[in-house]
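Understanding the architecture of this molecule
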Amino acid sequence: MKKILTVIFTLCCILTLPGCSAKMILKDISSTAKIEIYDYDTDRTVEVIDPESIDRICENLLSLKLSKMHYNKPTVSVYQLTFYDTNGNQTEVVGIPGHNWIRCNGAFYNVTEGSFDRNYIAELLKNNT
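Calculation rules
Residues numbered from 1 in each chain as written. Predicted model: local features only at pLDDT ≥ 70, side-chain atom pairs only at ≥ 80, totals over all residues. Heavy atoms only, no water. Helix = DSSP H or I, 4+ residues; strand = E, 2+ residues; numbered from the N terminus. Buried < 20%, exposed > 50% of the residue type's maximum accessible area, 1.4 Å probe, protein only. Contact = heavy atoms within 4.5 Å. Polar contact = N/O pair within 3.5 Å; in protein donor to acceptor, adjacent residues only side chain to side chain. Salt bridge = Lys/Arg side-chain N within 4 Å of Asp/Glu carboxyl O. Core = buried A, V, L, I, M, F, W, Y, C linked by side-chain atoms within 4.5 Å.

What follows covers the environment of S53. You can see S53 is positioned in helix α3 (residues 51-62). Take S53: its relative accessible area is 8%, and that puts it in the buried class. The spatial distance from the C-alpha of S53 to the C-alpha of I121 is 9.6 Å, given a sequence separation of 68 residues. When near neighbours in sequence (up to four residues on either side) are disregarded, S53 contacts V48, Y120 and L124. A polar side-chain atom of S53 sits 2.9 Å from a polar atom in the side chain of D50.

Okay, here's the thing in structure tokens:
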């Protein structure tokens, strides 16, 4: 009985922590072969297949510490990133609506540590006209 209570207490503590790594929320994007970036402002889509650019975007996302918001913000993302594996299968879709929050798996997350490099995304969109 004592072990069961200890396990339940530990699980409750883990589930109520204020933040978690993006690695826990995002599916495995480390094997990404292509990223499609959609810009809602210009209605443009750019395909990113350069391995260095893909690594930079994935590492930036995975470095974030996130906290799930308890409500959904009624807004459209500025950017949508769609990740594809080496077989062309879609593995993840991430919306970047604000500077300090993202949308992933149907939920919104505050970025509590780190920041998403929106300037790099804007640069990729600009250079791939």
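The next subject is the pattern of salt bridges. With the rule as written, the count across this model stands at three salt bridges. Among the salt bridges present, the one from E36 reaches K34, with a minimum N-O distance of 3.7 Å. For K34, a relative accessible area of 21% translates into the label partly exposed. We note a salt bridge from D117 to R56, for which the minimum N-O separation is 3.1 Å. In this pair, D117 is assigned in the loop between β8 (107-113) and α4 (118-127) and R56 in helix α3, connecting sequence segments 61 residues apart. Since its relative accessible area comes to 26%, D117 is described here as partly exposed. By sharing partners, the salt bridges in this structure join K34, E36 and E47 into a single network.

With 29 residues, the main nonpolar core has I35, I37, I57, L61, L81 and F83 as its most contacted residues. Looking at this core, the elements with two or more residues in it are β2 (32-39), β3 (44-48), α3, β5 (79-85), β6 (90-98), β7 (101-104), β8 and α4. A total of five residues in this core trace back to one element, the largest contributor, which is α3. For I57, the contacting residues outside a window of four places in its chain are I35, I37, L81, F83, Y120, I121 and L124.

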